[in-house]
Amino acid sequence: MKQHYLRFLFTLISPAIFTVAHAQLPTNPKDGKGYRETPVKINDLVDTKLDVRFDYQKSYLYGKEWVTLKPHFYTTDSLRLDAKGMDIHQIAIMKGGKLQPLQYTYEDSLSLNIKLDKKYAGGEQYVVFIDYTSKPNLLHDKPGFKLDGKGLYFVNPKGTEADKPTQIWTQGEAESSSCWFPTIDNPGQKTTQQLSMTVPAKYTTLSNGLLISQKTNADGTRTDTWKQKLPHSPYLFMMAIGDFKVYKDKWRDKEVNYYLEPKYFPYAKAVFGQTPEMMEFFSKALGVDFPWEKYSQVVVRDYPLGAMENSSATLLGDYVQKSPWELIDDPNGTGGTTIAHELFHQWFGDLATCESWSNETLNESFAVFGEKYWNEKKYGKDDGQAKRYDELQAYLNNKTAANQNLVPFYYSDSEGINGSNIYDKGGLVLNMLRNYLGDEAFFKGLGVYLKNRSFKSAEVQDLRLAQEEVSGKDLNWFFNQWYYGAGHPILDITYRWDEATKTEKVFISQNQQGQIFLLPIAVDVYAGSKTERHQVWLSHAKDTLSFKVATQPDLVNVDADKILLTKKTDHKTMTELLFQYQHAPLYMDRFEALLAATDQQSTAEGKQILTAALKDKYYGLRIKAIKAIKTDDQAFMATLLPTISDLAKNDPNYPVRTAALNLLAKTNAPAYKDIYVSSLQSPSFGVRAAALTALNTIAPEQAFKTAKELQPQAEGPISLAIVSVYAANGSDSEWPYVTAAFKKASVQAKFDNAIKSMPKIIGRMTNRTYVAEGINSIRDLAISYKKYGIAAHLIISLEEISKQRKSMNDNESAKLAEDAIKQINDAKA
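All values reported here derive from a predicted model rather than from experimental measurement.

(A) Fine view of the packing of aromatic side chains. A complete count under the given rule lists 56 aromatic pairs for this structure. Where Y153 meets W169, the ring centres are 4.5 Å apart and the plane angle is 15°; that geometry is what we call stacked. Of this pair, Y153 sits in strand β11 (residues 152-155) while W169 sits in strand β12 (residues 167-170), and the two are 16 residues apart along the sequence. Residues Y153 and W169 agree in their burial class; the two are buried. Relative to F442, the ring of F369 has its centre 5.5 Å away and its plane inclined at 65°; by these criteria the two rings are edge-to-face. Remark: F442 occurs in helix α8 (residues 439-453) and F369 occurs in helix α5 (residues 361-379); sequence separation between them is 73 residues. Cation over ring: K473 sits above Y436, and NZ or CZ is 4.4 Å from the ring centre. Sitting over the ring of F636, K607 keeps its end group 5.3 Å from the ring centre.

(B) Geometry of the environment of L152. Here L152 is to be found in strand β11. Residue class for L152 comes out buried when judged on its relative accessible area of 0%. Among residues more than four places away in sequence, those in contact with L152 are L61, S134, P136, I168, W169, T170, W180 and M239.

(C) How the structure looks around helix α26 (residues 811-826). Taking 1.5 Å of rise per residue, the 16 residues of α26 would be expected to cover 22 Å, and the 22 Å separating its terminal C-alpha atoms lies within 8% of that figure. Along α26, the residues that are buried comprise S813, A814, A817, A820, I821 and I824. Seen along its axis, α26 keeps its buried residues to an arc of 115°; they face one direction. Turned more than 90 degrees from where α26 packs its buried face, N811, E812, K822 and D826 sit exposed. On its buried face, α26 is in contact with α24 (768-784) and α25 (791-807).

(D) Seen up close, the sheet that holds strand β10 (residues 126-134). Here eight strands make up an open sheet; going across it, the order is β7-β6-β10-β4-β3-β13-β16-β15 and the pairing mixed. Edge strands, defined here as strands with exactly one partner in the open sheet, are β7 (98-101) and β15 (210-216). Averaged over all adjacent pairs, the angle separating strand axes in this sheet is 20°, with direction ignored.

(E) Expanded view of unusual backbone geometry. The omega torsion across E173 and A174 is 10°, close enough to zero to call that bond cis. As for its position among the elements, A174 is in the loop between β12 and β13 (191-200). Positive phi outside glycine occurs at N809, with the angle close to 60°. By the secondary structure assignment, N809 is in the loop between α25 and α26.

(F) The arrangement of the pairing of strand β8 (residues 103-107) in detail. As judged from the five bridges shared by β8 and strand β9 (residues 111-120), these two strands associate in the antiparallel manner. Counted as the bridge partner of Y104 is I114 from β9. Two successive antiparallel strands, β8 and β9, enclose a turn made up of three residues, where D108 displays a positive phi of approximately 55°.

(G) Representation of the pairing of β12 in the model. Alternating residues of β12 divide into Q167 and W169 and I168 and T170, and every residue in both groups is buried. Relative to β12, β11 runs antiparallel, the two sharing four bridges. In the strand pairing of β12, Y153 is matched with W169. Bridge count between β12 and strand β17 (residues 239-242): three bridges; the pairing is antiparallel. Bridge pairing links Q167 to G242 in β17.

(H) Main features of the confidence of the model for the chain. With 95% of its residues at a pLDDT of 70 or more, the chain has an overall mean of 93. Confidence drops under a pLDDT of 50 for residues 4-27, and excluding neighbours within four residues, the segment shows 82 contacts in the predicted structure. Long-range and interchain partners of residues 141-148, a stretch whose pLDDT sits below 50, account for 21 contacts in this model, where long-range means more than four residues apart.

(I) Layout of the sheet that holds β11. The four strands lie next to each other as β11-β12-β17-β14, forming an open sheet whose pairing is antiparallel. Of all the strands in the sheet, just β11 and β14 (204-207) have a single pairing partner and so form its edges. Averaged over all pairs of adjacent strands, the angle between their axes in this sheet comes to 10°, without regard to strand direction. Taken together, the four bridges between β14 and β17 define a ladder with antiparallel strand orientation. When the sheet's bridge partners are listed, T204 is paired in β17 with G242.

Calculation rules
- Residues numbered from 1 in each chain as written.
- Predicted model: local features only at pLDDT ≥ 70, side-chain atom pairs only at ≥ 80, totals over all residues.
- Heavy atoms only, no water.
- Phe/Tyr/Trp six-rings, centres within 6.5 Å; stacked < 30°, edge-to-face > 60°.
- Helix = DSSP H or I, 4+ residues; strand = E, 2+ residues; numbered from the N terminus.
- Buried < 20%, exposed > 50% of the residue type's maximum accessible area, 1.4 Å probe, protein only.
- Lys NZ or Arg CZ within 6 Å of the ring centre and 35° of its normal.
- Contact = heavy atoms within 4.5 Å.
- Expected span 1.5 Å × (residues − 1).
- Arc of directions from axis to C-beta.
- Pairing = 2+ DSSP bridges.
- Axes fitted to C-alpha atoms, helices over the stretch in contact; angles between N-to-C directions.
- pLDDT = per-residue confidence, 0-100.

Set out below in structure tokens:
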């Protein structure tokens, strides 16, 4: 699952917690947290056959199920199935084609305890029939099901929302498939599947496996039957029903399909077209071909979690559904990363599945690794490293991740499993293992792991054993500290040259609480025209490295592969960092130098690094250099402006042009007006939006007129740029557009507008109804996302509005703003 969870651009992020429900087991005597035992297997799922239809008015599912099971080993005469919030009409055993009723109890509307008709021996199969009704919208949130507690989702089922399609879709992870069909809902179970859906004939359906039949019914419905012959876990069962248009692609001899809303069908190839290339790339890298009968991807509305890797049928939120103009601004970003992430899950998570949620690093960490590996191979090593750095920062900025093992067997219900651990940290840990073993051994080891655990469950030790089998190396030390231990090294690195002995000494301290890490790293020593690499191990709280060198080194580059998951303080001089930018080979070498230069722009070395970074080979570093430049040093700015204006006009990457235009706008210089005007014709929405905003700084009347011309077809960032122009120069007549754009915007865009743009026009309008609407919008945003730390910023906006309204003698609106502040402060985070 790709957690597209509110990772806003502002850094006020609360920990992402992934929580699943478990029975309370014996506690850890040290901290009282429950031990998370792998679910005991009494019965095993074998096959699940479902026949479902829907009541769109009530948001109900009417289901019939034939589930085939067998005792795992010991003889048993009972069966427990998870079934959340259902009406159970009948439970029976199939005998000779006939149904024999079974006795059962239904505990707390969560679990069916069924008395079987006899004792069944280990491996002896039997079939249970269940007639039931699923009522997902009547389920209450329960501990452990906060993210995806309904399992089955009806979107605009009555068709009352004009701009939203009618859809049905499912979300099974972690244990929510049992909200729409009874099952043994844990990841260690595997079952084949057949699913028949009766739906209005106008709709298209998708499920796991292949579509084996379609039957048109007399009542205007159609019954589609999908069958997956390969076993998978219950949380991976899926349905999607709606007005989708299907683009048919292929990989080798397997069908590859993309399900989109009709509006976006013309762009299907642009959005999803790299999928077959990814399938080939991953199949070859792993030595295991894509395992499922087909691969489909469907885009749905109102999906809150990013995407879900259901076996052979990935479900994605509508943020990946983009026009060509939007894709220009994000050519290898969010959408493509998500597609790679979910596809890699088809091997890691779907083919080989974590046996318990404590081992979920085997699912999510691999998917994160896979997406970055794709970025690295498709777009270059710089791109892979840049995105891994973002991953590292997400983990380091999480307040609780370092306190929990990557494989946590003890945690409380409220604590849950830390999402930043299993996503961000886990992906980086795999990359360190890859670096230590080398690509050939690492990927061969992954192939052995997958072949050993295909269509089975796995624990982290299975991964260790596979990598040890291939490499011949003992890896207990690695897995003990990174998987079964918590935290990360915090390094402090200092240097000393001894001219008398021609020795360079490097002093490295591990300053973290808890375990001392064993760290194999590369150290590159640059002296004269030579570079020597040294492979060393750090193993103490304080390590001293000594290198004999003919002359004082120009640079000692610790962790030269830039592979460590660490927070470090590296005491290099600016002269050394300039050398590092100019001579060390990696993105992170150059980025570390740029980070230092950002705070040292008054130094000659800082200026040289920033100047060079504006022309860096990697577009991401050019953007960071542009954003790092401080405009208060006018003499330095004067030397940079020719380069920046050239980037604004000619850079091959549109986000670089956008960043350059934003920096030029800060100069308030009329000299760049021609660049702004010509940029308004760019195919990039981002460039056009930045150009309009920049034009507004020097020619507000022309910008206002241009905004009016752009308004009818404006989308995305252009719409938000129009809002900023109207906020600066508009009046009551522009408010309907401003508020409509605000409502459609992403949460991040709403936040930005509520701070920068909205207070200006709300403070200036004469229509008090409009003023009240704006104040209430800011209040509601602050309350809804208070837990993410944004309330204080929005309170400042409301204080500004109150002050402006008082200056207009509108005390009524001023009081409304003050009341809104009180409501925000009183609201629970």
